[in-house]
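# Descriptive analysis of the structure
Listed here are the chains, written in short residue letters.
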Amino acid sequence: MSKLVLKNVAKRYGAFEAVSDFSLELTPGEFVSLLGPSGCGKTTTLRMIAGFMPPSAGTIVMDGREISSPSGVVPPEHRRMSMIFQSYAIWPNMTVGENVGFGLQVRKLSRAEIDRRVDKILDVVQMRNLKGRYPAELSGGQQQRVALARAIVVEPEVLLLDEPLSNLDANLREEMRFEIRRLHDEFKITTVYVTHDQSEAMVTSDRIVVMNKGKIEQIDAPHVLYSRPRSRFVAGFIGRTNFLEGERQGSDVRFEGFTAVAGTLEGANGGGKLLYSLRPQAIGLSMQKTGGVGLAVEAEIADRSYLGEYWDYQVRPLGAAKALRVSTGPNAVFEVGSRVWLEIDPAAMVRVE
Amino acid sequence: MKRLGSLAVLCVLALAPVAARADIAKLAEDAKKEGELTWYIAHYTSEGAEDLGRGFTEMYGIKVNVVRTTAQVAYQRLLQDLKNNQTICDVFSSTDVGHYVRLKAQGRFDKYLPENAAKIVPAFRNVDPDGFYHATSAGLVTLTYNTAKVKPEEAPKKWEDLLDIKWKGKVSTGHPGFSGYVGTWVLTMKKLYGWQYFEKLEKNKPQIGRSINDTVTALNAGERQVAAGADGSTLFSAARGNPLAVSYPTDGAVLIIAPSAIMKGTKHPNAAKLFMEYLYSVEAAKINAKHFGIPLRPEVPAPPGAKPISEVKTVRPTVEEISKGIPEVIEQWRDTFGN
Amino acid sequence: MAIAAPAIDTAPPRPRRAANFDSTWILWIAIIAVLLFLVVSPFVYLVVTSFQAEDTGVFTLMNYATAYGRARYIDALLNSLKLGAAAAALAGLFAVPLAWAVARTDMPAPGLTRMLVLATFITPPYTGAVAWILLAGPNAGWLNRFYMLATGAEAGPFNIYSFTGLAIVIALYSFPYIFIFTTAALELVSSEMEDAANILGAGPWRTMRRVTLPLALPAILGGLIICFLEAIALFGSPAMIAIPARFNVVTTQLFQFFGNPVRVEVAAAYAMPLLGVTVLLVLVQRLITRRKGFVALTGKGGERRPILLGRWRWAMFGYAMIVASLAVFLPYIFLVQSAFAKAWGRGFALDNVSLDNFRFVLFEHATAAQSVINSFLYAGASATIAVFLTLGVAYIAARRLVPFGGVLGFLCVAPFVIPGVVLAIGFYAAYAPPTLALYGTALILILAFTTRFLPVGYVNASAAIRSLNPEMEEAVRVLGGSRLTALRRVVAPLLKRNLLGAWLLIFIPATRELSSAIFLYGPSTKVASVMIFDMSEEGNFERLAALALILQVLTLPLLWIGQKALGRDFMLRRNAT
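Not measured: the values here are computed from a predicted model.

## Some points on the overall build of chain C
For chain C, the count of helices and strands is 24 helices and zero strands. In terms of C-alpha radius of gyration, chain C reaches 26 Å, essentially the compact-globule figure of 25 Å for 577 residues. Here chain C, with 577 residues, has 53% of them falling under the buried criterion. Considering only contacts in chain C between residues 6 or more positions apart, those separated by 24 or more positions represent 78%.

Written out as C-alpha cells, the structure reads:
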C-alpha cells in the first residue's frame, strides 16, 4: 500500500496557481525529491503535505486516511510527520538535548526513555558530546545534525526536508548529502526532499519529481531523468545538454550541420519539426575520423574552457551556424580553430517535447 | 503779607496735583521707550494678574510679561536669576513678606516712592519705612465652604472648627512651601494655637494642594467641603455662579499685606516706576475689586458680597515673625504632613 | 571590467598633499566638538558640581551628606524605586496580552487596537494624570460619582491620590513601550520556529509556552526595564498626584532642591543614585537581550499562521477595550467635557458648556498661547539639530572616518541612560551660569532637548546608513566628487524618508517634554508642558484641559504626515535600543 498519495493537488492564490494538478504516490520508505527552480511550487507542495496550508483542490491521503483536502486539514501536530527547515529552526532557548527531546516530551514518554532515545540518536549523528550546548555555540553543520536528530528521533511516518543544505558551504553540503541518505537508509523513513540543486537530488533520491511553474514535468529515477528527459525543460535543467532541432525530410532527419537516418532516431516517426537532446559527454571528439557506430561530422573548434576535471568545447560542424557543446576528459586537448571530427551516436539522442 | 502767603500756598496746593500728573506723563513717555516690563507676581490668580497687566498695557501701551506663580516659586525663580547674574524681573510682587526683608537686606531693590503712595488707605501705608517695598495688595485667609454640601449654620465659624472630626476627609488647604498666603496662615495658627493645631489637622486628612487658590477648585469640584481659603478668589468664583461662600472666622481672619518692589538693575526702570504708580491707581484698584481683592484706594468701594475690611476681625503676624517663621513652618509642615 | 578611460593629461602629476585631505574633515571635527559639548560636558559638570561646596567651589562631601541626611529624602528614593517596579509590572500586565493578541492571534480588530495604543503613546503622562484626577478624585471624581449613584454608597472606592493611583496612571501611559517591544519580538520569532514545534506534535498553546514566549522574553524584559526607567524619571504626574497623596519621589524631591534656596550642588548629589540605577538597568537589559543569540532568522515561505482562539477571541477583544477605555476613552471624554465646561464639577449640563476656556487660553492668556508656539519651535529646532548631528555621527562611525568612531556612537546613545531631570540639572550646572550664561534662554532648552533625543536619532540614522551600500558613494568619489558631495547628492536623498521619520519621532515627544524643561525654562521661554503643569497648580482644570487638547490636536497633522510617509505604525515600530 502506498504510504502517501497526493491526488490532483492544487494551490491557488487568487488568480495565481502556485501548484496545479500535482499527483504523486510514495511507497513506504521511498526517498523522493521535489526538484525545480525558485517559484516552481515545490515548497508550497511540501507545506501542504505538512499540513501548514490546505490545498485549493485535490486530496492528500496517508496510510489510507485523508489528511488534507480543500475543506479541512488535519493540523500539523497530529500528522506524525517531521520536518527540517531551511533555517533548521533549532530553538535557541533550549540545549541540543532539549531540542532533540522536545517531540518525545510531547508524546509523553518517560524522562528515562527520552534520555535513552536522545542519546542514541545523538550517537547516530555524532553529536553526543554536544548534548548540553546551546545552538548559538554550534556551527551550521552541527545545527543541521541537531535538526536531523530532532526530526528522526520521533520516528515519523513521513520526513519532510525543505532545502536543508542551502545554508551550508559546498564541502559541507556534499558531506551532509550522504549523511541524509545514510540516515534514510538506516531508519527507512518515507522522505520528501525539496531542493533546487540537481546534484543533491540525484545523490539522495530514489525518484525525482521535476517541477516547473507549479506543474510536474517528469517523475523518474535519477538516471532515467538524466538519460531520458521527456521535456525540453527537464533536459535543460538536469545536467547540461545540446538541443538539436531537426526537420523530417523523407527518410532522413536534417539537423544543422549533419543528417541522421530517421530509423536510427528515437521517436522520429512523426513528421515536421523534431527536438532532440544530446548530452555533451555523449559526443566523441578526435582529430581523425573514427570508424565508430555514430555519425562522423567534420567540425571546427570554436571555443574552449578548461575546468580541471574536463574540457568544455564549443564545436561547430562545418556549414552550421550553431556550435555544439562537447565535454572531454582533461587530457584531450584541442586548439581553437583546429579541424576535428565529431562522432554522434543517434541512439544517444533523446526526443523531447 | 499773610494773605499773600496763604494765596501762594493755595496756588501751590491747587497746582500740585497738576504737577504730579505732569510727572507721571513724563514717566509714561520715558517708559514707553523701554517697551516692556516683566512682573513676577504671586498676589492674584492668573486671571487677576493678567487682567491687571492688560489694564496697564491699555493705559500706557507698554507690554507686561505676567509671570504668575505661587510666592515660593516666584522667589525661587528670582534667586536663580540673581545667582546667574541675570536681571529678568523688573517688579517683584510676592505674598511672603519675609522675601522682602531678605532681599532688601541684600540690597536687591531700587528705592522708589510712588506718587500715589499718599493716596492709598492709611492701613496699608509704610510697610517699609525705608521705601524699598510697598504694599500693593491685600487679602484675607478665611474659612470657606461649599454651599451645596454645607449649610451656613453647619459651616465652621472659627479656625479650630476645622479640627472637628466631622470634617475628616473634607478639608482642603494649600501648601506653605508654595503659597505665601498659606505660609502666613500656618504661621498665624502656630502662633495662636501652637503646632498641635496641625498635628490635629493632619488627622483630618486634608487635601493639600499648592496655591491657596487650589482650595477653590477642590470646593468647586465637590472634592472637599471646607477649606482655609482666600476670600478674594473664593468670592470671585462664587460670583460666577459656583456654590461657594466665605465664613469670616471669629478668632480672626489672617490679613495678608503683600508688597511689590522694583529690582535693582532693572532693564526697564521707568516702566517699573510707572507700574508701581499704576498699582496704586484707581484703575488698578477697580480691577482688584473686580477680583474681590481689598481695594487699596478709598475711592473704590469693596465689591458686593464681601465684608468691608473695617468690619472684619483680622490677625496678622509681624514682619519679623513672618520673615523668620515661614521657612521654619515649611519644614515643620513637611515633617508633619510627609511632604 | 574594462572602462574606456578619458584622455589622459600628459603633464606630470602634482605631488599629493597631506594624504586624503578632504575639506569635509572640518565638518567632522565640528560634529565631534558639538557632541562633547552636548553630552560629555553636562555630565562632567554634574558629577563635579556634586562635590563642590556652594559659592566657594571647594571639594566637599557635604552635598551627599545633606542629600541623604534626612529620612524624608531617602524615603523619596525608595518610593521612586517602588513606584517604578509597580508601574512596570502593571504596564506589563496591560501590554503583553495585548501585544500577543495583536501579533499572534485572530483577535478581531487588531488595527483598531494598534491605533488605540498609538493614541495612548502620544498622550503625555501629565495630561493623563490630569484626566485621571478628574476621573478618580476621591470625592468628586466621575468614577466615584457613578459608583455612588449606582450603589448609593457614601463614598467611592477610587482614590487617585495614592501610591496605587499614581502607579496605575504611570503604567497606563507607559505600557505602549512594552507593547512595541513585545510585538517586535513576536514578529521576529521566525514562523519556522513555531512550525517546527507544531510538526513535532505541539499544539498552539504549548508552542507559545515553550517556543514563542521564551524567545520573546528578553525583549519583554527589556520593555519592562524601559518602563521602570521612565517611571522613576517622570516629573509631571508624580508632582500632581504624589504631593496631595503626601509622599515624595526622587523627581519631586529634586524639584525641592531647586527650590528655595537653589542648591544645585545638593541636587546634583541627590541625582547620582538615579543615574546609577539607570545605568545599571540599561546594562542588565543589554545583557539579557544579547544572550543566546535570540534574534531568530525569519524563514521564507511562511504565511504566519495566527493562533485561533475561538470564542476567546471576543474575551481578548474585551480586554483590549478595557485597557483602551482606561487609557484613552475615559480620560479623553472627560478632558473634552472639562475643556468645554465652565466648571467641570457641574457635569454634562447644557448650561455648563462654553468656549471660554479655549478663548482664554488662545487669546487672553498671553503666556499660554506663546507656550504652545515655544513648544513647537524648540521641538522643531532640536529635532532638526539632532537628526543632522546623528546622521553625521552615524556616517562617520559606519564609514570609519576616524579611529574610535564607535566611541562617538556611544556618546550619541549615552543620554539614554540619563533621566531627563538629571540631564536638565547637568545642563543647568554647566551652561546656565556665566561664561555661557544660557540661563533662561531658548537655547539651553533646545540643547537639552537635542541631547535627550540623540539616542533615538542615532539608532535610526545608524540603521539607515548601514542599509546603504558604500559603493554608491565610492562611485561619486571615483568620478571626482568629495565626500560631502556624495553625502549631499547620494546619501541624503536616499535617506529622505528615514530622516523624516527620525525627525518626527523626535519632534512629537519633544513637544511634550516636561521633566527636562521644568528646570531650564525662563519666564519668556515657557513651553506648553510647563504651562499645563503650572495650570494644574491653580487647579484650573478647565483651562488646563483646553490647553492640553489644543496640544494633542496640533499633533495630529504631524502623525498623519508620518503615517503617509512611513506607514501606519511608524511610531510603534521598535526604534529604541
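## Looking at the overall build of chain A
Counting secondary structure elements, chain A contains eight helices and 21 strands. Taken along the three principal axes of its C-alpha coordinates, chain A extends 75 × 45 × 35 Å. For chain A, buried positions account for 42% of its 353 residues. Excluding contacts between residues fewer than 6 apart, the proportion of contacts in chain A whose partners are at least 24 apart in sequence is 64%.

## With respect to the domain arrangement of chain C
Residues and elements named next belong to chain C. Looking at chain C, the domain boundaries give domain 1 (25-60 + 355-577) and domain 2 (67-296 + 314-343). Placing a centre on the C-alpha atoms of domain 1 and another on those of domain 2 gives a separation of 24 Å. Facing 42 residues of domain 1, the contacting portion of domain 2 comprises 43 residues. Of all the elements in the fold, those that place two or more residues in the side of domain 1 that touches domain 2 are α1 (24-50), α14 (356-364), α17 (420-431), α21 (496-512), α22 (517-520), α23 (528-537) and α24 (541-566). Among the elements that make up the side of domain 1 that touches domain 2, the one with the highest residue count is α24 (nine residues). In terms of residue class, the side of domain 1 that touches domain 2 is built from 27 nonpolar, nine polar and six charged.

## A few points about helix α5 (residues 125-136) of chain C
Note on helix geometry: an α-helix contains 3.6 residues per turn, so any two residues three or four positions apart are oriented the same way. All names here are of chain C. The terminal C-alpha atoms of α5, which comprises twelve residues, lie 16 Å apart, in line with the 16 Å expected from a rise of 1.5 Å per residue. Taking burial as the measure, the twelve residues of α5 include twelve buried ones, the bulk of the element. Residues of α5 that are buried: Pro125, Tyr126, Thr127, Gly128, Ala129, Val130, Ala131, Trp132, Ile133, Leu134, Leu135 and Ala136. Residues of α5 that are buried sit in contact with α6 (142-151), α7 (163-188), α10 (236-245), α13 (312-339), α23 and α24.

## Some remarks on the interface of chain A and chain C
Taken residue by residue, the interface counts 24 residues in chain A and 24 residues in chain C. At the level of elements, α1 (42-50), β7 (81-84) and α2 (96-106) of chain A are the ones that each hand at least two residues to the side of chain A that touches chain C.

## A word on the sheet that holds strand β13 (residues 252-255) of chain A
Residue and element names in this part refer to chain A. The strand order across the open sheet formed by five strands is β14-β13-β12-β15-β21, and the pairing between neighbours is antiparallel. The open sheet has two free edges, formed respectively by β14 (258-261) and β21 (350-352), since each of these has just one partner strand. If you compare each strand with its neighbour and ignore which way they point, the axes differ by 40° on average.

## So, the arrangement of the chains
Considering every one of the two pairs of chains in contact, the largest contact total is recorded for chains B and C. The two units chain A and chain B remain apart, with a minimum C-alpha distance of 48 Å.

## A look at the interface of chain C and chain B
The interface of chain C with chain B comprises 36 residues on the first partner and 39 residues on the second. Listed by contribution, the elements that provide at least two residues to the side of chain C that touches chain B are α10 and α23 of chain C. Broken down by class, the residue content of the side of chain C that touches chain B amounts to 17 nonpolar, 13 polar and six charged.

## Examining helix α15 (residues 366-398) of chain C
Look at α15(C): 47 Å from first C-alpha to last across 33 residues, which is about the 48 Å you get at 1.5 Å a residue. The first or second residue beyond α15(C) is Arg400(C), which carries a positive phi of 50°.

## Comments concerning the pairing of strand β10 (residues 253-263) of chain B
Residues and elements named next belong to chain B. With eleven of eleven residues buried, β10 lies mostly within the body of the structure. Relative to β10, strand β3 (residues 91-93) runs antiparallel, the two being bridged by three bridges. Each residue of the ladder has a partner; that of phenylalanine 92, found in β10, is alanine 261. Bridge analysis of strand β4 (residues 109-110) against β10 gives two bridges, and the strand direction is antiparallel. Pairing of phenylalanine 109 across the sheet is with methionine 263, part of β10. Note that strand β5 (residues 133-146) and β10 share eight bridges and pair antiparallel. Each residue of the ladder has a partner; that of serine 137, found in β10, is alanine 258.

## What about the sheet that holds strand β20 (residues 339-344) of chain A?
Residues and elements named next belong to chain A. Ordered by their spatial adjacency, five strands build an open sheet running β16-β20-β17-β18-β19, and the pairing between neighbours is antiparallel. Single-partner strands in this sheet number two, and they are β16 (283-286) and β19 (324-328). Pairwise comparison of adjacent strand axes, ignoring direction, gives a mean angle of 45° for this sheet. Two elements, strand β18 (residues 311-317) and β19, share five bridges in a ladder whose sense is antiparallel. Across the sheet, residue aspartate 312 finds its bridge partner in β19, namely serine 327.

## Examining the domain arrangement of chain A
Structurally, chain A comprises domain 1 (4-228) and domain 2 (240-352). Averaged C-alpha coordinates put domain 1 of chain A and domain 2 of chain A at centres separated by 40 Å.

## Topic: the pairing of β20(A)
Put simply, side chains in a regular strand alternate between the two faces of the sheet. All names here are of chain A. In β20, alternate side chains face the same way, and those of Val340, Leu342 and Ile344 are buried while those of Arg339, Trp341 and Glu343 on the opposite face are not. With four bridges connecting them, β16 and β20 associate as antiparallel partners. Its bridge partner lying in β20, leucine 285 is registered against leucine 342. As paired strands, strand β17 (residues 295-306) and β20 are joined by six bridges and run antiparallel to one another. Paired with alanine 296 across the strands is glutamate 343, a residue of β20.

## Comments concerning the packing of α15(C) against helix α18 (residues 442-466) of chain C
Residue and element names in this part refer to chain C. Contact geometry of α15 with α18 gives a least axis separation of 6 Å together with a crossing angle of 40°. In this view, α15 runs oblique relative to α18, as classed from their interaxial angle. Judged by the sense of rotation from one axis to the other, the crossing of α15 with α18 is right-handed. Partitioning the contact of α15 with α18 into residue classes produces 20 nonpolar, five polar and one charged.

## Structural notes on the confidence of the model for chain A
Within chain A, residue pLDDT values average 89, and 100% of them lie at 70 or more. By mean pLDDT, β14(A) is the weakest element of chain A at 85, and strand β3 (residues 31-35) of chain A is the strongest at 95.

## Details of the environment of Ala510(C)
Residues and elements named next belong to chain C. Mapped onto the elements of the fold, alanine 510 is located in helix α21. Since 28 C-beta atoms lie within 10 Å of it, alanine 510 is described here as buried. Residues alanine 510 and proline 97, 413 residues apart in the sequence, show an inter-C-alpha distance of 29 Å.

## A closer look at the environment of Leu61(C)
Considering the arrangement of structural elements, one finds Leu61(C) in the loop between α1 and α2 (62-69). Given 11 C-beta atoms within a 10 Å radius, Leu61(C) is considered exposed.

## A word on the packing of α5(C) against α10(C)
Residue and element names in this part refer to chain C. Relative to each other, α5 and α10 sit at 25°, their axes nearing to 7 Å. Comparing their axes, α10 and α5 come out roughly parallel. Contacts from Pro125, Tyr126, Ala129, Val130 and Ile133 in α5 reach Gly236, Ser237, Met240 and Ile241 in α10. Per-class residue counts for the contact of α5 with α10 are seven nonpolar, two polar and no charged.

## Things to note about the confidence of the model for chain C
Residue and element names in this part refer to chain C. With 91% of its residues at a pLDDT of 70 or more, chain C has an overall mean of 82. Segment residues 13-19 is flagged for pLDDT under 50; beyond a separation of four residues in sequence, or across chains, it makes zero contacts in the model. Counting interchain partners and residues more than four positions distant, the pLDDT-below-50 stretch residues 294-302 has 26 contacts. Overall fold confidence for the complex sits at a pTM of 0.78, while the interface term, ipTM, reaches 0.78.

## Here's the deal with unusual backbone geometry
One non-glycine residue with positive phi stands out, namely Arg80(A), at about 55°. Inspection of the secondary structure puts Arg80(A) in the loop between β6 (72-73) and β7. Under the C-beta neighbour-count criterion, Arg80(A) is labelled buried, with 20 such atoms within 10 Å. One non-glycine residue with positive phi stands out, namely Phe292(B), at about 65°. Here Phe292(B) lies in the loop between α10 (282-290) and β11 (314-315).

About the thresholds
- Residues numbered from 1 in each chain as written.
- Chains lettered and ligands numbered in written order.
- Predicted model: local features only at pLDDT ≥ 70, side-chain atom pairs only at ≥ 80, totals over all residues.
- Helix = DSSP H or I, 4+ residues; strand = E, 2+ residues; numbered from the N terminus.
- Rg over C-alpha atoms; globule rule 2.2 N^0.38 Å.
- Buried ≥ 20, exposed ≤ 12 C-beta atoms within 10 Å, placed from the backbone.
- Contact = placed C-beta atoms within 7 Å.
- Domains from an automatic or database assignment.
- Nonpolar A, V, L, I, M, F, W, Y, C, P; charged D, E, K, R; others polar.
- Expected span 1.5 Å × (residues − 1).
- Pairing = 2+ DSSP bridges.
- Axes fitted to C-alpha atoms, helices over the stretch in contact; angles between N-to-C directions.
- Parallel < 35°, antiparallel > 145°, perpendicular 65-115°, else oblique.
- Left-handed = near helix turned anticlockwise from the far one by under 90°.
- pLDDT = per-residue confidence, 0-100.

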